[in-house]
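This is what each chain is made of:
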Amino acid sequence: MLGTLADWVGAGFLVAGALLSLIAGIGLLRFPTVLDRMHAATKPQTLGVLLLLVGVALRLRDPEDLGMVALVGIFQMTTAPVAAQMIGRAAYRTGRVDPSLLDVDELADR
């Protein structure tokens, strides 16, 4: 009984994670600026991957598999923000960011 419930909850997490990842992909195609696309690439996609991993963990329930799923989650949470930071900085340095869109420009020459 408990295994069946975990399977259904895991399936719900898998569907929710897939939908968030789909929304992130649509945002990458639809948003006009680099900063908007950077946001779409990191925020919903990271949560979507984490929901997928929780769904997989609920379906597998093997300690070795859970360890691998945890490592994937940790790797995702550490690399996605760093990649977004590097994309934003590269876009700023190449002049692809409209300065009027920034509330605070910490990288401006003083």
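Definitions and cut-offs
Each chain has its residues counted from 1, following the order in which its sequence is written. A pLDDT threshold of at least 70 governs which residues receive local features in this predicted model, and a stricter bar of 80 or more applies before side-chain atom pairs are shown or counted, although totals over entire chains, interfaces and linings include all residues. The basis for every side-chain value is the complete set of non-hydrogen atoms in the structure, without hydrogens or water. Two kinds of site are reported from a 1 Å grid over the protein atoms alone, namely cavities, where a 1.4 Å probe fits but cannot get out, and pockets, open sets with protein on both sides within 12 Å along at least five of seven lines, and residues are called lining when an atom falls within 4 Å of a point. Grid points are joined across faces, edges and corners, and a volume is the space filled by probe spheres set on the points. Numbered from the N terminus, helices here are DSSP runs of H or I no shorter than four residues, and strands are runs of E no shorter than two. All residues other than Ala, Val, Leu, Ile, Met, Phe, Trp, Tyr, Cys, Pro, Asp, Glu, Lys and Arg, Gly among them, are scored as polar; the first ten of these are nonpolar and the last four charged.

Caption draft 1: Representation of the layout of surface pockets. One number sums up the size of the largest pocket: a volume of about 410 Å³. What lines the largest pocket is a set of 16 residues, and nearest its centre among them are L35, M38, Q85, G88 and R89. Only α2 (34-60) and α3 (63-93) provide two or more residues apiece to the lining of the largest pocket. Of the residues contributing to the lining of the largest pocket, the split by class is eight nonpolar, four polar and four charged.

Caption draft 2: Representation of the environment of T33 within the structure. Within the element layout of this structure, T33 appears in the loop between α1 (2-30) and α2. Separated by 65 residues in the primary sequence, T33 and D98 place their C-alpha atoms 8.7 Å from one another.

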